[in-house]
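Below are the chains, spelled out letter by letter.
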Amino acid sequence: CALGRFFTLSLTANVTSITFTNLPAAGAGQSLSIRIRQDATGSRTVALPASFKATGGSDTAVQAAANAYTLLEIETFDQGTRWEYAMQEIAA
């Protein structure tokens, strides 16, 4: 997390775990944006950790279509014990 707040993830296989390092000290929040792109095959999945809690109206899976984009916005207020997220398709 010390490297920035905006990241990209190009899927070429299913993602089975996500780990974050260098979170700020307790009492400070952290927010991240991850733009996820399917490869030409599509149907790749991303398993979100149990500590991720969706905000209302959020998708709970990345878009499956080949070359589709999904935006994952996450934030934590307790050093990653709980993450709140919003995930939505990005229009082509």
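Structure's up top.
What you see is a predicted model, and the numbers here were worked out from it, not measured in a lab.

Scoring rules and cut-offs
Residues numbered from 1 in each chain as written. Predicted model: local features only at pLDDT ≥ 70, side-chain atom pairs only at ≥ 80, totals over all residues. Heavy atoms only, no water. Helix = DSSP H or I, 4+ residues; strand = E, 2+ residues; numbered from the N terminus. Rg over C-alpha atoms; globule rule 2.2 N^0.38 Å. Buried < 20%, exposed > 50% of the residue type's maximum accessible area, 1.4 Å probe, protein only. Areas by Shrake-Rupley, 256 points an atom, 1.4 Å probe, with all protein chains shown as cover. Lys, Arg positive; Asp, Glu negative; His and termini not counted. Charge placed at Lys NZ, Arg CZ, Asp CG, Glu CD. Contact = heavy atoms within 4.5 Å. Salt bridge = Lys/Arg side-chain N within 4 Å of Asp/Glu carboxyl O.

(A) Looking closely at the overall build of the chain. In terms of helices and strands, the chain carries zero helices and five strands. Tracing the chain from N to C terminus, the helices and strands come up as β-β-β-β-β. In terms of overall dimensions, the chain is globule-like: its C-alpha atoms have a radius of gyration of 13 Å, near the 12 Å expected for 92 residues. Across its three principal axes, the chain shows a C-alpha extent of roughly 40 × 30 × 20 Å. A buried classification covers 27% of the 92 residues belonging to the chain. With the model as given, the accessible surface of the chain reaches about 5,500 Å², and the carbon-plus-sulfur share is 52%. The positive charge centre, built from 6 side chains, and the negative charge centre, built from 7, are 5 Å apart in the chain.

(B) Main features of the environment of Leu 23. Relative to the assigned elements, Leu 23 resides in the loop between strand S1 (6-10) and strand S2 (30-37). Put simply, Leu 23 and Val 46 are 23 residues apart on the chain and 21 Å apart in space, counted from C-alpha to C-alpha. Excluding residues within four positions of it along the chain, Leu 23 makes contact with Cys 1, Gln 30, Thr 76, Gln 79, Gly 80 and Trp 83.

(C) Just the pattern of salt bridges, in detail. What the rule picks out here adds up to two salt bridges. Note that Asp 39 is salt-bridged to Arg 44, the shortest N-O span being 2.8 Å. Between Arg 82 and Glu 84 there is a salt bridge whose closest N-O contact spans 3.4 Å. Take Arg 82: its relative accessible area is 39%, and that puts it in the partly exposed class.

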